Amino acid sequence: MTLERAIALDDVWGGELTPVVVRGTKVLLVRLGDEVHAYEDRCPHLGVELSRGRLEGRVLTCHAHEWTYDAATGCGINPARARLKRFPVAVADGAVLVDIGGEPRP
Ligand code: FES
């Protein structure tokens, strides 16, 4: 697992959807309380950026066709079969670190 710095923790606000790019991959960060969750910034339905949607509590809604997800787990609410691609994430030294997989640049 290779965690890479994505953004300062202070720049990820609770209740907001925060898009970042890690090594060319669009990542959506969601801060819920003390936890930060990282997902591919891509709706599994038709690929729209989820960061353009909205967050109400822990319900993430895609703006395109209103599919909804649990922002704490990435599991679909409606439809229930949908799943977000989840990335390992950690917080260290005031930064959010994300593992998007693959080999980091040297
Ligand atoms: S692209 Fe997200 S619900 Fe259709």
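In this text the structure is predicted, and so the values were computed from the model without any measurement. (Residues numbered from 1 in each chain as written. Predicted model: local features only at pLDDT ≥ 70, side-chain atom pairs only at ≥ 80, totals over all residues. Heavy atoms only, no water.)

Draft legend 1. Spotlight on the overall build of the protein. Helix and strand counts for the protein come out as zero helices and eleven strands. Starting at the N terminus, the α and β elements of the protein follow one another as β-β-β-β-β-β-β-β-β-β-β. Over its C-alpha trace the protein gives a radius of gyration of 13 Å, about what one expects of a compact globule, namely 13 Å for 106 residues. Dimensions of the protein, computed from C-alpha atoms along their principal axes, come out at roughly 40 × 25 × 20 Å. Evaluated residue by residue, the protein yields a buried proportion of 41% over its 106 residues. Long-range pairs, those at least 24 residues apart, make up 43% of the contacts in the protein between residues at least 6 apart in sequence. (Helix = DSSP H or I, 4+ residues; strand = E, 2+ residues; numbered from the N terminus. Rg over C-alpha atoms; globule rule 2.2 N^0.38 Å. Buried < 20%, exposed > 50% of the residue type's maximum accessible area, 1.4 Å probe, protein only. Contact = heavy atoms within 4.5 Å.)

Draft legend 2. A look at the sheet that holds strand β11 (residues 95–98). Spatial ordering of the open sheet is given by β1-β11-β10, a layout of three strands whose pairing is antiparallel. Every other strand in the sheet has two partners, leaving β1 (4–8) and β10 (89–92) as the edge strands with one partner each. Shown here is a sheet whose adjacent strand axes are inclined to one another by a mean of 35°, direction ignored. Pairing analysis gives four bridges linking β10 to β11, with the strands arranged antiparallel. Looking at β11, one finds that Val-91 is bridged to Val-96. (Pairing = 2+ DSSP bridges. Axes fitted to C-alpha atoms, helices over the stretch in contact; angles between N-to-C directions.)

Draft legend 3. Up close: unusual backbone geometry. That bond from Asn-78 to Pro-79 is cis: its omega, 5°, falls within 30 degrees of zero. By the secondary structure assignment, Pro-79 is in the loop between β8 (76–78) and β9 (86–87). The backbone of Arg-23 sits at a positive phi, close to 50°, despite the residue not being glycine. Within the secondary structure, Arg-23 is located in the loop between β2 (17–22) and β3 (25–32). Not every positive phi belongs to a glycine, and Asp-93 is a case in point at roughly 55°. Within the secondary structure, Asp-93 sits in the loop between β10 and β11.

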